[in-house]
Amino acid sequence: MPNISRDEVAHLAKLARLAVTAEELDVFAGQLDQILDAVAKVGEVAGDEIPPTSHAVPLTNVFREDVVRPGLTQQQALSGAPAAEEGRFRVPRILGEEQ
């Protein structure tokens, strides 16, 4: 017995604003039915004694440790800028005055 009907697939396609043919409705109904069966099998296996996990294997942090290092001064950062004003980068206006 299918979990999802052809009419339900048509309704989902309409909600998603997808134009699908009659043949595609049959194909999608079969594919969605397989997906729902697979999800149901996972639901049967996962019990209360099995803790939820986000990954099948444990993950380790592959990032380096944060090390505080000196950065650029304001003058050094602005020295290569095409335009600066009041200690900040000056960029062309992209919005009008209507704020």
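Structure: above.
Residues numbered from 1 in each chain as written. Predicted model: local features only at pLDDT ≥ 70, side-chain atom pairs only at ≥ 80, totals over all residues. Heavy atoms only, no water.

Asker: Tell me about the packing of helix H1 (residues 6-15) against helix H2 (residues 22-45), and name the residues and values.
Answerer: Each pair of packed helices can be described by the angle between their axes along with the distance between the axes. Relative orientation of the contacting elements H1 and H2 amounts to 105°, with a least axis distance of 9 Å. On the basis of their axis angle, the class for H1 and H2 is roughly perpendicular. The residues of H2 that touch H1, namely those facing Arg6, Val9, Ala10 and Leu12, are Ala22, Leu25, Asp26, Phe28, Ala29 and Leu32. When its residues are assigned to classes, the contact of H1 with H2 shows 8 nonpolar, no polar and 2 charged. (Axes fitted to C-alpha atoms, helices over the stretch in contact; angles between N-to-C directions. Helix = DSSP H or I, 4+ residues; strand = E, 2+ residues; numbered from the N terminus. Parallel < 35°, antiparallel > 145°, perpendicular 65-115°, else oblique. Contact = heavy atoms within 4.5 Å. Nonpolar A, V, L, I, M, F, W, Y, C, P; charged D, E, K, R; others polar.)

Asker: Go over the pattern of salt bridges, please, and point to the residues and values.
Answerer: Applying the stated criterion to the full structure yields 3 salt bridges. In this structure, the salt-bridge partner of Arg6 is Asp26, at a minimum N-O distance of 2.7 Å. A residue pair is termed long-range when its members are at least 10 positions apart, and Arg6 in helix H1 and Asp26 in helix H2 qualify at 20 residues. In this structure, Glu85 engages Arg90 in a salt bridge whose closest nitrogen and oxygen atoms are separated by 3.0 Å. (Salt bridge = Lys/Arg side-chain N within 4 Å of Asp/Glu carboxyl O.)

Don't take any of this as a statement about function, it's just geometry.
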